[in-house]
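# Fold and geometry: a report
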Amino acid sequence: MELNALLLETYRALRQAFGHRNWWPADTPFEVIVGTVLTQRTSWANAERAIAALKEAGLMAPGLLAGMDRESLESLIRPAGYYRQKAARLLRLVGWLVERTGGDLAVLEPLSTDELRQELLGLSGIGPETADCILLYALSRPTFVVDTYTKRVVVRHGLLDGACGYSDLKELFESNLADDVELFKDYHAQLVEVGKRYCRTTPLCGACPLHPVLGDPVGDEDL
DNA sequence: GACCAGGCACATC
DNA sequence: GATGTGCATGGT
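Residues numbered from 1 in each chain as written. Chains lettered and ligands numbered in written order. Predicted model: local features only at pLDDT ≥ 70, side-chain atom pairs only at ≥ 80, totals over all residues.

Take the packing of helix α2 (residues 29-38) against helix α8 (residues 128-138) next. As a packed pair, α2 and α8 sit with axes 9 Å apart at the nearest point and diverge in direction by 160°. What the angle tells us is that α2 and α8 run roughly antiparallel. Seen along the crossing, α2 lies across α8 with a hand that is right-handed. Contacts between α2 and α8 involve Pro29, Val32, Ile33, Thr36 and Val37 from the former and Thr130, Cys133, Ile134, Tyr137 and Ala138 from the latter. When its residues are assigned to classes, the contact of α2 with α8 shows eight nonpolar, two polar and no charged. (Axes fitted to C-alpha atoms, helices over the stretch in contact; angles between N-to-C directions. Helix = DSSP H or I, 4+ residues; strand = E, 2+ residues; numbered from the N terminus. Parallel < 35°, antiparallel > 145°, perpendicular 65-115°, else oblique. Left-handed = near helix turned anticlockwise from the far one by under 90°. Contact = placed C-beta atoms within 7 Å. Nonpolar A, V, L, I, M, F, W, Y, C, P; charged D, E, K, R; others polar.)

Right, dumping it as C-alpha cells:
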C-alpha cells in the first residue's frame, strides 16, 4: 500500500476506535499557547489546574500575563509542575507575543509557517513539539506535531527505524498527507490516545485498533 | 514506594 | 551527534 493510503487507513482506524479527540480544549488561541508550555512533560489534568488558576485570577490575557512578576506566576501555575521553569518560559513566550503582535495574533498571518516556526524555536523553552503545537492548535497552520507516542507507533510498525528524529517523523506525515489542519490536529491527538492505551513500553498489540491495519510490531526496540 | 505524564536546555563525552 | 541529567506536581 502507498504510504498516503496507509497513513489515512491508520487515521481512520483510530478515529473509528476513539472518536474525534477534540484537541485542543481552550476558550481562545492564547489559552492554547499558554497550555502548550504548561503541559510540557505533564499530564493534561495538572496543566488544566494551572490554566484554571490563571483564568480564575483573570490573568489569561497577553498583556496581563506579560506584566506579572515571576514569583506570583510561579505560585499560580504550581500544580502543573516544573513551575519555576514554566513561569520563566511563559514570561518569555508571552513577552515575545506582546512585543511582536501587541496581543493580536492576526498580526502573524502574513508570516509563513516556516518563518513563524523559526521565531518560536528561537525562544528558550520552546522546542519543536511546543512550537508545532502552537502553530497547529493555536494558529491553525498545517504542521504535524510529533511526540514520543508518534515515534513508538511509527517505529514499532517499521515505517521508520529507531534512529529517526523529530524532523524525520514530521516529514513522514507531512509529505504523505495533504496539508489539512483539522486532520493534523486530530491525527496527533489520536496517536497520543493509542500510545497511552496500547503502544506502551510493554505493548498491548492484540486489542489495539491499529493491529488490523499495520499488523504485528517489528523489532523489539525499547522506546 | 515506584512509575508515569500532551519537553526542553544544558553539560559532557 | 549521541547520551545523561535536572526540572516538580499529582494520579495510579
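Turning to the protein's contact with DNA strand B, a few remarks are in order. What surrounds DNA strand B is a group of 23 residues, the closest being Gln40, Trp44, Gly127, Glu129 and Thr130. Of all the secondary structure elements, the ones that give two or more residues to the surface near DNA strand B are α8 and α11 (181-197). Top contributing element to the surface near DNA strand B by residue count: α8, with three residues. When grouped by side-chain class, the residues that make up the surface near DNA strand B number seven nonpolar, 12 polar and four charged. (Near = placed C-beta within 6 Å.)

So, on to the domain arrangement of chain A. As assigned here, chain A comprises domain 1 (3-22 + 145-214) and domain 2 (29-138). In this structure, domain 1 and domain 2 have C-alpha centres spaced 26 Å apart. Contact with domain 1, which involves seven residues of that partner, is made by six residues of domain 2. In terms of residue count, the dominant contributor to the side of domain 1 that touches domain 2 is α11 (three residues). Of the residues assigned to the side of domain 1 that touches domain 2, the class counts are five nonpolar, no polar and two charged. (Domains from an automatic or database assignment.)

Turning our attention to the nonpolar core. Across soluble globular proteins, nonpolar side chains show a tendency to be buried alongside one another. Counting residues in each nonpolar core, the largest one holds 49 residues, and the members touching the most others are Leu38, Ala50, Leu90 and Ile134. Broken down by element, this core gets its largest block of residues, seven residues, from α8. Both domain 1 (3-22 + 145-214) and domain 2 (29-138) contribute no fewer than three residues apiece to this core. When sequence neighbours within four positions are dropped, the list of residues in contact with alanine 50 reads Leu38, Leu76, Ile77, Pro79 and Ala80. (Core = buried A, V, L, I, M, F, W, Y, C linked by C-beta atoms within 7 Å. Buried ≥ 20, exposed ≤ 12 C-beta atoms within 10 Å, placed from the backbone.)

This part takes up the protein's contact with DNA strand C. Close to DNA strand C lie Arg41, Thr42, Ser43, Ala45, Asn46, Arg78, Pro79, Gly81, Tyr82, Tyr83, Arg84 and Gln85, which account for all nearby residues. Residue assignment for the surface near DNA strand C shows that the elements contributing at least two residues are α3 (44-56) and α6 (83-101). With three residues, the top contributor of residues to the surface near DNA strand C is α6. Split by residue class, the surface near DNA strand C holds four nonpolar, five polar and three charged.

What follows is about the environment of leucine 64. By secondary structure assignment, the location of leucine 64 is in helix α4 (residues 62-66). In this structure the C-alpha to C-alpha distance between leucine 64 and valine 94, which are 30 residues apart in sequence, comes to 9.6 Å.

Take α6 next. Across its 19 residues, α6 extends 26 Å between first and last C-alpha, which sits within 8% of the 27 Å expected from 1.5 Å per residue. Considered for burial, the residues of α6 that qualify are Lys86, Ala87, Arg89, Leu90, Leu93, Val94 and Leu97. Looking down the long axis of α6, one finds its buried residues gathered within 165° of arc, a one-sided arrangement. Residues of α6 that are buried sit in contact with α2, α4 and α5 (70-77). Just downstream of α6, glycine 102 is the residue with a positive phi angle, here 65°. (Expected span 1.5 Å × (residues − 1). Arc of directions from axis to C-beta.)

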